[in-house]
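Letter by letter, the chains look like this.
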Amino acid sequence: DQQVKQNSPSLSVQEGRISILNCDYTNSMFDYFLWYKKYPAEGPTFLISISSIKDKNEDGRFTVFLNKSAKHLSLHIVPSQPGDSAVYFCAASVTDSWGKLQFGAGTQVVVTP
Amino acid sequence: EPEVTQTPSHQVTQMGQEVILRCVPISNHLYFYWYRQILGQKVEFLVSFYNNEISEKSEIFDDQFSVERPDGSNFTLKIRSTKLEDSAMYFCASSEQGTTNYGYTFGSGTRLTVV
């Protein structure tokens, strides 16, 4: 099941620079998209989300962009901090699907000093 | 900050045995979920639960799986006869609302190892 794809398994970025994580989806029924962050031995932590009626949502250092025509979304983290080192998951859902999230495979982000 | 609590953190069981994974969702949440992540694979949806009923389940959630809210605080996942391929990290999650718009709160997971 490849409905949500994160093609970059890893990303290394310097502290203070921008991290850009990408996610593609194939199911045009998806209307809500979320980003989660996961540290080892912990569950995923909700970061930010975006509805399909928007193309941008911002929360502090995190901004999610949605390009519906390209079925593509991205998460920008600026400035990147060492504490941002984690695995980031993109997830998508259909609003009436009773909570069924489709996750991507994740991108391991390493922020170096 | 309220959290979802899962016990045990690690469970080892023999193939064919029954296991029960336990979760205490956030107290004012009404919607509950189980997800799992097999090592090296994606996080996968198993089941959602509301008002003492399953709302939706995936193809993975076959007759070997069941969920229950036995009292006002616990939410359990039972695997009747475990198989080697059930080895995974199992995450419980809860939310106030039934849509995904609010971003669930996940527990830290139970690592299930079937030997």
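Our structure is the block above this text.
Our subject in this report is the structure included herewith. Small disclaimer: the values here were computed from a predicted structure and weren't measured. Per chain, the residues get numbers from 1 upward, laid out in the order the sequence is written. Written order determines the labels here, with chains lettered from A and ligands numbered from 1. It should be noted that, the model being predicted, local features are given only for residues of pLDDT at least 70 and side-chain atom pairs only at 80 or more, the latter also being counted only at that level, while totals for whole chains, interfaces and linings use all residues. With hydrogens and water set aside, each side-chain value is computed from the structure's full complement of heavy atoms.

1. A word on the overall build of chain A
Right, on to step 1. Put simply, DSSP marks the helices as runs of H or I at least four residues long and the strands as runs of E at least two long, and each gets a number from the N terminus on. Along the backbone of chain A there are zero helices and 11 strands.
Right, on to step 2. Reading chain A from its N end, one meets helices and strands in the order β-β-β-β-β-β-β-β-β-β-β.
Right, on to step 3. With C-alpha atoms as the basis for the radius of gyration, the globule rule is written as 2.2 Å multiplied by the number of residues raised to the power 0.38. Relative to its length of 113 residues, chain A is compact, with a C-alpha radius of gyration of 13 Å against a globular reference of 13 Å.
Right, on to step 4. Dimensions of chain A along its principal axes, counting C-alpha atoms only, are 40 × 30 × 20 Å.
Right, on to step 5. Exposed residues in this analysis have more than 50% of their type's maximum accessible area, buried residues have under 20%, and partly exposed residues fall in between, with area computed by a 1.4 Å probe over protein chains only. The buried share among the 113 residues of chain A stands at 45%.
Right, on to step 6. Of all intrachain contacts in chain A linking residues separated by at least 6 positions in sequence, the fraction that spans at least 24 positions is 53%.
Right, on to step 7. For chain A, the exposed surface amounts to about 5,400 Å²; the carbon and sulfur share of it is 50%.
Right, on to step 8. For the purpose of charge, His is not counted, nor are the chain termini; Lys and Arg are scored as positive and Asp and Glu as negative. Where a charge sits is defined by one atom per residue type, namely NZ (Lys), CZ (Arg), CG (Asp) or CD (Glu). Looking at charge distribution, chain A has the averaged site of its 10 positive side-chain charges lying 3 Å from that of its 10 negative ones. By definition, residues are in contact when any of their heavy atoms lie within 4.5 Å. Surface exposure here means Shrake-Rupley accessible area, sampled with a 1.4 Å probe, where a residue is shielded only by the protein chains that are shown.

2. Observations regarding the sheet that holds strand 7 (residues 65-68) of chain B
All names here are of chain B.
Right, on to step 1. A pair of strands is labelled paired if DSSP reports no fewer than 2 bridges between them. Reading across the sheet, the four strands line up as 1-3-8-7 and stay open at both edges, with antiparallel pairing between neighbours. Both edges of this open sheet fall to strand 1 (5-7) and strand 7, since each of them pairs with a single strand only. Strand-to-strand twist of the sheet, defined as the mean angle between neighbouring strand axes without regard to direction, takes the value 20 degrees.
Right, on to step 2. By the bridge criterion, three bridges tie strand 1 to strand 3 (residues 19-24) in an arrangement that is antiparallel. Its bridge partner being in strand 3, threonine 5 is matched across the sheet by valine 24. Angles shown run from 0 to 180 degrees and are taken between the N-to-C directions of axes, each axis being a line fitted to C-alpha atoms and, for helices, limited to the stretch in contact.

3. Overview of the pattern of salt bridges
Residue and element names in this part refer to chain A.
Right, on to step 1. Just to be clear on terms, a salt bridge is a Lys or Arg side-chain nitrogen sitting within 4 Å of an Asp or Glu carboxyl oxygen. Following the criterion strictly, the structure yields three salt bridges over all chains and no others.
Right, on to step 2. Where arginine 61 meets aspartate 84, a salt bridge forms, and the shortest distance between an N and an O atom there is 2.8 Å. Residue arginine 61 is found in the loop between strand 6 (56-59) and strand 7 (62-67), and its partner aspartate 84 is found in the loop between strand 8 (72-77) and strand 9 (86-93); the two are separated by 23 residues along the sequence.
Right, on to step 3. Overall, aspartate 84 belongs to the buried group, its relative accessible area being 3%.

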